[in-house]
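Examination of the molecular architecture
What follows is each chain in one-letter form.
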Amino acid sequence: MSKIFVEENGVYGIDCTDAVWASDQMHGDYYEAGLHINDVDFVIENSTEILLVEYKNANISGAVNPGALNPMEDKKVSVAIRKFYDSLHYLRLLDKTKPVSYVYILEFPNGDVTMRKRLRNRLKLELPFALQEKIGNGRKLIEKLDVVSIEEWNKDKDYGKYPIAPVEQGIVK
């Protein structure tokens, strides 16, 4: 089974060859089970954690109305949050118990590091960081949240182990 996945537009691929386990099948598995819930695009397990990875790219050729993507819009924020929560079921059913980080890879016109930090801070308020500090047995639902560009992902010492590149550059063999 290949650990190189191509995003839904067929423009970029992510190479998860070095992952302990990785999948892009969550959506298909949910759909086949008759569940119409939100899910992340990729799940990557390394030796210490599981990355739930959501990928949005309005900077690609052929993107429909890329200027209309406003990731700070209430509806977009709500969907991003639901994708995290709805993906936890999948991990539970697969008996994946490592710490979970949620990474939102975001590319859109006029997107910059300041906007990504603002979005990260907004998402953090609605993800279970505060809740898990108040209740439970110490096991966390989420360890970390990042909102990054493709460039930031690739340059990161941990995320960069799973490089993202245009398919035309040969990431998909």
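Now for a description of the structure that goes with this document. (Residues numbered from 1 in each chain as written. Predicted model: local features only at pLDDT ≥ 70, side-chain atom pairs only at ≥ 80, totals over all residues. Heavy atoms only, no water.)

**A closer look at the overall build of the chain**
When you go through the chain residue by residue, the secondary structure sums to 5 helices and 8 strands. For the C-alpha atoms alone, the extent of the chain along its principal axes is close to 45 × 35 × 35 Å. The 173 residues of the chain split such that 43% are buried. If you take every contact in the chain between residues at least 6 apart in sequence, the share linking residues at least 24 apart comes to 67%. Just so you have it, the chain exposes about 9800 Å², and 50% of that area is on carbon and sulfur atoms. Treating the 23 positive side-chain charges of the chain as one cloud and the 27 negative ones as another, the clouds have centres 5 Å apart. (Helix = DSSP H or I, 4+ residues; strand = E, 2+ residues; numbered from the N terminus. Buried < 20%, exposed > 50% of the residue type's maximum accessible area, 1.4 Å probe, protein only. Contact = heavy atoms within 4.5 Å. Areas by Shrake-Rupley, 256 points an atom, 1.4 Å probe, with all protein chains shown as cover. Lys, Arg positive; Asp, Glu negative; His and termini not counted. Charge placed at Lys NZ, Arg CZ, Asp CG, Glu CD.)

**Some thoughts on the sheet that holds strand S5 (residues 50-57)**
On the basis of which strands lie adjacent, the open sheet formed by 5 strands has the order S3-S4-S5-S6-S7 and mixed pairing. Looking along the sheet, the strands with just one partner apiece sit at the ends: strand S3 (21-23) and strand S7 (144-148). The average undirected angle you get between the axes of adjacent strands in this sheet is 15°. Across the sheet, helix H2 (residues 74-93) touches S3, strand S4 (42-45), S5 and strand S6 (100-107), and the angle it forms with S5 is around 140°. Those strands touched by helix H3 (residues 113-126) are S6 and S7, and its axis lies near 150° from that of S7. (Pairing = 2+ DSSP bridges. Axes fitted to C-alpha atoms, helices over the stretch in contact; angles between N-to-C directions.)

Function cannot be read off these values alone, since they describe shape.
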